[in-house]
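Spelled out, the chains give:
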Amino acid sequence: MGDNGKSRRGRKIIILSRDAAFARGALEGGSDASRCCLRVTSPYEAAAELIEDAPAALIVDLRCLTPGDLPLIEMARRGDVEVLAVGAIPLGVATSDLSGVRLAVLGHLDVLLDCPESQPLAGAPATVVPRAASADAADLPTMSRWVAKTPIDRVETPRTKTPVAVQDPQDDRAIETPRTDPIPSPGDSPDELLTREELTALLEDD
Amino acid sequence: MSDAGRMLVLARRRVADEFSDRLGSDELAAFDDPYEALEALGSGGWSSVIIAASYTGLPGLCRAARKLQTDARLIVLCGPGSEPEVRELAAPVVAGSVIDDYFIHPLTENEWRALAPE
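When its secondary structure is counted, chain A shows six helices and five strands. Counting only residues that meet the buried cut, chain A has 28% of its 206 residues in that class. Partitioning the intrachain contacts of chain A with sequence separation of at least 6 by distance along the chain shows that 65% fall at a separation of at least 24.

Right under this line is the structure:
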């Protein structure tokens with residue numbers, strides 16, 4: 001299908017996401033009021049929409065995509081439907097499987113939809129971090145955030161660091177010299193589980 | 001070719017063969033890939049659509065099939081374990097139930113008769 005087919009489609013946009021906030025954020029601040037956005041929660045429903053009335057674009061929340069849903073991408077490709085994907089590529093899906101798909105960040109979708117496909121994605125950085133597809137979308141953040149390259153088994157590392165105030169490195173007075181000989185407190189070390197007084201009390205009991 | 005009066009079965013090969021043996025292959029088109037089945041649903045009229053409950057994302061699959069075939073009898077074939085989930089799809093909601101009925105596999109003789117194309 002060529003450009004004529006695309007213009008016939010109008011501005012129907014299918015958003016595949018189980019996350020309502022994702023859909024709201026996808027086209028937030030969009031300038032084109034003529035766009036008709038429809039959110040579906042299943043890749044099968046997205047496929048039905050493609051079959052019934054091909055949209056101008058398909059926005060895919062990659063948390064919804066599994067390797068078994070790659071025929072959806074192929075279907076969109078065959079129908080010349082522009083596909084924008086947001087999020088991390090799920091495990092089991094290769095980047096080559098997403099050939100023709102434009103990876104984007106949530107806040108840039110509106111700009112990309114107005115940008116012809118042939119143009120490079122300048123100003124729309126996309127970071128690809130392989131990550132397992134989540135079974136429970138409700139547990140995931142509502143807005144797409146690009147995460148640092150972290151091993152999967154370390155994602156839920158407990159937060160132990162306390163926030164540190166940002167200081168101007170030019171201001172020497174603001175930089176404190178770290179203590180190199182911290183004062184130990186009882187119980188910090190296995191060798192110092194008890195204070196001297198507690199130890200004495202225990203020995204007296206015996 | 002008109003698909004009116006025909007049945008589309010979306011199930012694993014073994015179950016599809018069972019339908020073919022019982023109902024005849026002329027009246028039946030079998031698929032084991034959901035996306036291929038959806039494309040077939042979008043290209044013609046079907047009197048009945050049978051979907052096995054073993055597919056991941058069954059509710060979405062049924063909604064997609066219903067969207068493409070609003071007038072077809074939409075029936076889910078499930079095992080006893082998945083009956084609660086399937087029953088919800090058959091429950092009437094504001095705009096009607098997603099599916100028309102469900103049967104627990106293996107089917108009884110009466111159920112086979114009920115499934116036969118009208």
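If you tally the helices and strands in chain B, you get five helices and five strands. Along its sequence from the N terminus, chain B presents helices and strands in the succession β-α-β-α-β-α-β-α-β-α.

As a further point, take the nonpolar core. Ranked by size, the top nonpolar core spans 78 residues in total, and within it Ala47(A), Ile59(A), Leu38(B) and Val76(B) carry the most contacts. Setting aside anything within four residues of it in sequence, one finds Ile59(A) in contact with Ile13(A), Ile15(A), Leu16(A), Ala26(A), Leu84(A), Val86(A) and Leu109(A).

Next up on the list: the sheet that holds strand S2 (residues 36-40) of chain A. Residue and element names in this part refer to chain A. The five strands are arranged S2-S1-S3-S4-S5 in an open sheet whose pairing can be described as parallel. Of all the strands in the sheet, just S2 and strand S5 (102-104) have a single pairing partner and so form its edges. Strand-to-strand twist across the sheet, computed as the mean angle between neighbouring axes with direction ignored, equals 25°. Sheet analysis places strand S1 (residues 12-16) next to strand S3 (residues 57-61), joined by four bridges and oriented parallel. What sits directly across from isoleucine 14, in S3, is leucine 58.

Turning our attention to the packing of helix H3 (residues 43-52) of chain A against helix H2 (residues 34-43) of chain B. It is at 10 Å that the axes of H3(A) and H2(B) come closest, and there the two elements cross at 35°. The element H3(A) and its partner H2(B) pack so that their crossing is right-handed. Contact with H3(A), carried on its side by Tyr44(A), Ala47(A), Ala48(A), Ile51(A) and Glu52(A), involves Pro34(B), Tyr35(B), Leu38(B), Glu39(B) and Gly42(B) of H2(B) and no other residues of that element. Classifying every residue of the contact of H3(A) with H2(B) gives seven nonpolar, one polar and two charged.

We now examine unusual backbone geometry. Going from His105(B) to Pro106(B), the amide bond is cis rather than trans, its omega being 5°. Tracing the backbone shows Pro106(B) in the loop between strand S5 (101-104) and helix H5 (109-115). With a phi close to 60°, Asp80(A) is a non-glycine residue in the positive phi region. Its place among the elements puts Asp80(A) in the loop between helix H4 (70-78) and strand S4 (82-86).

Moving on, we get to the interface of chain B and chain A. Taken together, the contact pairs 13 residues of chain B with twelve residues of chain A. Contributions of two or more residues to the side of chain B that touches chain A are made by H2 and helix H3 (58-68) of chain B. With six residues, the top contributor of residues to the side of chain B that touches chain A is H3(B). When the residues that make up the side of chain B that touches chain A are grouped by side-chain class, the tally is six nonpolar, four polar and three charged.

As a further point, take the confidence of the model for chain B. The predicted model of chain B averages 91 in pLDDT, with 93% of residues at 70 or higher. Predicted complex metrics record ipTM = 0.93 and pTM = 0.69.

Once that is clear, we can look at the packing of H3(A) against H4(A). Residues and elements named next belong to chain A. Across the interface, H3 lies against H4 with an axial gap of 10 Å and an inter-helix angle of 15°. As summarised for this structure, H3 and H4 are arranged roughly parallel, according to the angle between their axes. Classified by chirality, the crossing of H4 by H3 is left-handed. Contacts from Pro43, Ala46, Ala47 and Leu50 in H3 reach Leu72, Met75 and Ala76 in H4. Among the residues making up the contact of H3 with H4, the classes are represented as seven nonpolar, no polar and no charged.

Moving on, we get to the sheet that holds strand S1 (residues 7-10) of chain B. All names here are of chain B. One open sheet holds the five strands; their spatial order is S2-S1-S3-S4-S5, and the pairing between them is parallel. Every other strand in the sheet has two partners, leaving strand S2 (28-31) and S5 as the edge strands with one partner each. Here the average twist between neighbouring strands, direction ignored, is 20°. Of the strand pairs in this sheet, strand S3 (residues 48-52) and strand S4 (residues 73-78) are connected by five bridges, and their pairing is parallel. Paired with alanine 52 across the two strands is leucine 77, which belongs to S4. Sheet strands touched by H2: S1, S2 and S3. Its angle to S1, the strand with the most contacts, is close to 165°.

Residue and element names in this part refer to chain B. Counted residue by residue, S3 has five buried out of five residues, so it is predominantly covered. Burial along S3 is two-sided: Ser48, Ile50 and Ala52 and Val49 and Ile51, pointing in opposite directions, are all buried. In this fold, the crossover linking S3 to S4 by way of H3 has right-handed handedness.

To continue, consider the environment of Ser17(A). Residue and element names in this part refer to chain A. Tracing the backbone through its elements, the reader meets serine 17 in the loop between S1 and helix H2 (20-26). For serine 17, a count of 26 C-beta atoms within 10 Å gives the class buried. Residues serine 17 and threonine 41, 24 residues apart in the sequence, show an inter-C-alpha distance of 5.1 Å.

Rules and cut-offs
Residues numbered from 1 in each chain as written. Chains lettered and ligands numbered in written order. Predicted model: local features only at pLDDT ≥ 70, side-chain atom pairs only at ≥ 80, totals over all residues. Helix = DSSP H or I, 4+ residues; strand = E, 2+ residues; numbered from the N terminus. Buried ≥ 20, exposed ≤ 12 C-beta atoms within 10 Å, placed from the backbone. Contact = placed C-beta atoms within 7 Å. Core = buried A, V, L, I, M, F, W, Y, C linked by C-beta atoms within 7 Å. Pairing = 2+ DSSP bridges. Axes fitted to C-alpha atoms, helices over the stretch in contact; angles between N-to-C directions. Left-handed = near helix turned anticlockwise from the far one by under 90°. Nonpolar A, V, L, I, M, F, W, Y, C, P; charged D, E, K, R; others polar. pLDDT = per-residue confidence, 0-100. Parallel < 35°, antiparallel > 145°, perpendicular 65-115°, else oblique. Right-handed = clockwise from strand over helix to strand, strands pointing away.

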